[in-house]
Amino acid sequence: MSAAKVKMREKKMRNQPASVQYTSSSQKNGGDTPVTGGGEGPSGVHPNTERTKNLPQRGGWVRGHQRDGGDYAKEMPKYITAGPFARLRAAEVSAMLKAVTKTTGSCHVFGALPKHMRRRAMSHNTKRLPCRLRDVANRMREKSFQAGSKKKKKEEAKGRSRKARRRHGNLLLEFNRRQRKNVWLETHIWHAKRFHMVKKWGYCLGDRPTYKCYRPSYRAMSNHCLLQDLSYYCCIELQGEEDKLLASLSQLTSKEAGPTFAAALCVSGQRQGSVVVYRAGQYPMQPLGPVTFLWRPRAQGSTHRQLWIWAHPTIKQDLLAELQTVCQCCEAVLPPAAPVVTPAEVVPALEPETKPEKNPDAKQMTGTKRKRTCKDASEPPAKKILGDGTRSPTTPVTWKSSSNGIVISDLTMEIVRYRLIGPQSHSVLAETMEAATDCNEMTKSQPSSLWWPEHCRNESKMNLHHQQADVFHLLKGICSTGELPSGTVLGLTVDDPRLTLPTTKVKALPCVKQEQEVEEEQRRELALRGVPAHCCQSSLWERSVRDNVTDNKISEQKMNRMKTEVLVPGSRLSPTPLQGRVPVLLVHQPGKQVGHEMSSWGAGWDLLLPKGWGMAFWVPLVYRGVRIGGLTMSLKHCQNKGAAHFPHDYPDCPAGIRFQEEQEAQLLDKFERRPPAKRTNYIKHGCLAPFCCPWQQLAEEWELILREGDGQTHTAAEADVVLEEEEEEEEEEEDDDDEEAVPCRDVTVTKPPSRVTVLRNRKSLRLLSSWCRPTTSKGQRVRGGGGGLSLLDRAAMTPFLSAHGTSLVWVRLSLLSKGRPELHAMVCVPTAEDLKLLDKEPGGSGPQEPPHRDHFKSRIRRRKKSPKTAATSSLCSDETEGKESDPPPASEPNPTTSEGPKSPPQSSPDLTFGLWPDPLPNVTAHCSRVTLGWVTQGDFSLSAGCGEALGFVSVAGLLNTLLNQPVGHRGTLLLRNPASLHYRFAKVNLEV
């Protein structure tokens, strides 16, 4: 028998007591010598005892039945000793009881059950166990929770069904909890069901719909209406004397870049203005970004003014700090908690912001059902968050100045802003909203806490309301929104649009009959001069009115109940509820304002509402047949207009720099997720920066090229190619020490992008635009020097370069043949041979870029092989050390350790297959065509019917190119996508 079986037999029999004494007739012991043996027989005398004693003679114990019947003893023992027999039987009984009561190795209470009664569900639900084992199972379960994890395991899903979680109160608590990190717009739930949501700038916004809508959205912007929610834009309010406000704001702008805060039409309140804001006194350096502003119309006999500044959330903090500096508003005013709580009507408005912080106990109760206790029942129910839910109630939102009396208030998320884009935007507004109806005499005589009855008692305000209603009715007779002056403002008070909500979706169209009835003179007056100044006033400017309208809004449940009580289903409520009057502001948004093509394309209206009324206006607008757009459509809207989109197309602003870094990280991460064999080798395509645009290096190189002299660009390109070939040969022969020296050049090449600026001087832009237009091009006017613009020559170029040599200029490029520009495509200068090729084949394809050589491939291969060679060398050294004596191993690893650090250099992690390392070479002369700039927006334009690109080029490089080009081909450039070797001819346009 094998030794394993013997060990197993000994393990089984080690706890068995010796209970039987045999006679002298046993084979192993002779005479009267007693023999003890282990047995488990029912009578205390095991029949196998004799067999176990004879095991060594038979070669050991053998399991199972034997062929020869075995040598089992047949006789019984003659006598037993009573005392030892009783002690041994007691030991057997105690061992048996111990084995029965002892649990299995898993130490679970389920082991006490027979196998046919055990169920997997018992570990999750102890009620499936027998009653006698439930308490033990619960205690063991709690111990496992405490020992397994430091914090308790969440059991919220077990105690609450979906029906309980979808109750109104529990749903509000859950929504309020999810709004603490990212702000939700009032239309968030509507968008979350239909859009891909993204978390950006501290908000949760809709990026693009889940259905295909690219072409339908473009058709809506061109023919009907596209709706967007821009409530995430931040509003900053300034109050004070007009002259002090203008003096303070003048430090942030410059008249050279266009109209400022002091424009006459804007100061009167008739127009909305837009301007690029800089840091105080730093123009043209350190811009912050574009903002739009709106002045409240002047009140008679008062110099106190009110100004709203709308800014992107990425520049809110920087802009707020600059405004506090120039306005000297350093004294923070705590939130007016005491005055707001005293009225009974305003209490529910403040509960949403404090309520989520009062309910942490509800979320700490895990594993139990959330039933309302007596304490919870006494508290008011949860309220929906209106406004910014991430802001603490103690955070100051108002700052005042003790020297000049200016007050700055942060109205972020206090005003809802919707944008309607398209020629029929006014028709959608005219069908959705109706001017508010007057109150009857009985309502005027009775005191009321609502704002509209008080407003109706003032005859001058009601006369103004009737005039505003007449102007609003004139909008129905206008054919297109683009006919109105850009930036027109109209104040109005309308009824609750839910009262006129149609049962099915209808497409709003212009009213032809109304157009015929309206007098032609009034329509012309409105189209030429816009809305009168006194009609631009609105009650939306007053905080008390906004709070009153928000607090007294009729809930959806109550509105639906009122509709069901109407005698004729679907008809409007005859007495309009007093709570259903809402002050709004209509602000006209200009379309395409530059260039001579597609004038006023993309024009529309902005609708400003008090907070809390977002969905009450959103659903009626959707029922008028509008398309809904997200962040992607905002970018396409700017691209079709040829305008820069913030922060994508502002490389000199802090927000634009941060966006470029984030975009580069995302594109690089997406590139590295692909296997190396499936990646595009941008080194062979001659693309140095496929994921970013090194604007600083581009401006510095062009400044150096023009400083050295003319005609150096081509020789520099040839020299750069020669240098590249020499470097490739050296890198193949040199060791990896060169890789350690590469990052040292990073300190000299890379510089902070502080000198790069975008040219925004209107006069300089008009001059540069005139130089880009060829005088012999078809379809364009012949421009000479009679218009006050000088012709392009070296005498005119020298002072221009001295002022804007390191600047970038925004250009629009239209392809002359097929092709689709992509992001970060290169804008290059065509050679003389390329222009000759264009003359021969005007609609043909452009030149080709010769393939480049990837001289970093050998480094990557050596880096991959180095760990293997190091491992093999170490194995070989270990073998030699084992054969030789002990002292040599201490000295032999020295060469291997000295060579080891050289194989994986410090710069090896920076080497990515297909990409250039961080210190880029000469970006202008790296390819066969000199680089001028890069594309930031590119796609096939549905409006132009060809590929169009928007981007920036160096002012110095563009002037040098225009000066060296023939007059007939002036403004002709080349475009090449990062993953292509094919150049496409394009026409450059500077639209001012």
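Residues numbered from 1 in each chain as written. Predicted model: local features only at pLDDT ≥ 70, side-chain atom pairs only at ≥ 80, totals over all residues. Heavy atoms only, no water.

**Details of the overall build of the protein chain**
- Helix and strand counts for the protein chain stand at 38 helices and 25 strands.
- By the burial criterion, 46% of the 992 residues in the protein chain qualify as buried.
- Put simply, of all contacts in the protein chain between residues at least 6 apart along the chain, 76% involve residues at least 24 apart.
- Of the accessible surface of the protein chain, which amounts to about 52,000 Å², a share of 53% is contributed by carbon and sulfur atoms. (Helix = DSSP H or I, 4+ residues; strand = E, 2+ residues; numbered from the N terminus. Buried < 20%, exposed > 50% of the residue type's maximum accessible area, 1.4 Å probe, protein only. Contact = heavy atoms within 4.5 Å. Areas by Shrake-Rupley, 256 points an atom, 1.4 Å probe, with all protein chains shown as cover.)

**Overview of the environment of P510**
- Here P510 shows up in the loop between β15 (489–495) and α21 (512–517).
- Distance in space between the C-alpha atoms of P510 and S425 is 9.7 Å, their sequence separation being 85 residues.
- Once residues lying within four places of it in the same chain are set aside, the contact partners of P510 are Q424 and S427.

**Let's talk about the packing of aromatic side chains**
- Evaluated as defined, the whole model comprises 21 aromatic pairs.
- Of the aromatic side chains, those joined through ring pairs into one cluster are W201, Y203, Y232 and Y233.
- Across from the ring centre of F85, 4.8 Å away, lies the NZ or CZ of R89, which sits over that ring.
- In this structure, R417 packs its charged tip against the face of W310, placed 4.6 Å from the ring centre. (Phe/Tyr/Trp six-rings, centres within 6.5 Å; stacked < 30°, edge-to-face > 60°. Lys NZ or Arg CZ within 6 Å of the ring centre and 35° of its normal.)

**Remarks on the nonpolar core**
- Residues L768, W771, V809, L813 and L959 are the most contacted members of the largest nonpolar core, which totals 68 residues.
- Ranked by residue count, the leading element in this core is strand β20 (residues 807–815), at 6 residues.
- When near neighbours in sequence (up to four residues on either side) are disregarded, L959 contacts L768, W771, L792, M797, F800 and L801.
- Ranked by size, the runner-up nonpolar core spans 59 residues in total, among them C225, W310, V545 and L621. (Core = buried A, V, L, I, M, F, W, Y, C linked by side-chain atoms within 4.5 Å.)

**Describing the side chain of H852**
- With respect to the helices and strands, H852 occurs in the loop between α34 (832–840) and α35 (857–883).
- Among the residues examined, H852 registers a relative accessible area of 16% and is labelled buried.
- Within the local environment of H852, its side chain forms a polar contact with the side chain of E849, the two groups lying 2.8 Å apart. (Polar contact = N/O pair within 3.5 Å; in protein donor to acceptor, adjacent residues only side chain to side chain.)

**Brief notes about the pattern of salt bridges**
- This model, assessed by the stated rule, comprises 27 salt bridges.
- One salt bridge in this structure joins E92 and R89, with 2.5 Å as the shortest N-O distance. Here E92 and its partner R89 are both found in helix α3 (residues 82–101), 3 residues apart, which amounts to about one turn of the helix.
- On the basis of relative accessibility, which here comes to 17%, the residue R89 falls in the buried class.
- The salt bridge partner of E991 is R812, with a shortest N-O separation of 2.3 Å. Placement of the pair is E991 in the segment after β25 (984–989) and R812 in strand β20, with a sequence separation of 179 residues.
- R812 gets classed as buried once you look at its relative accessible area, which sits at 6%.
- Salt bridges linked by common partners bring E434, D495, R572 and R581 together as one network. (Salt bridge = Lys/Arg side-chain N within 4 Å of Asp/Glu carboxyl O.)

Interpretation note: all reported values are geometric properties and have no functional meaning in isolation.
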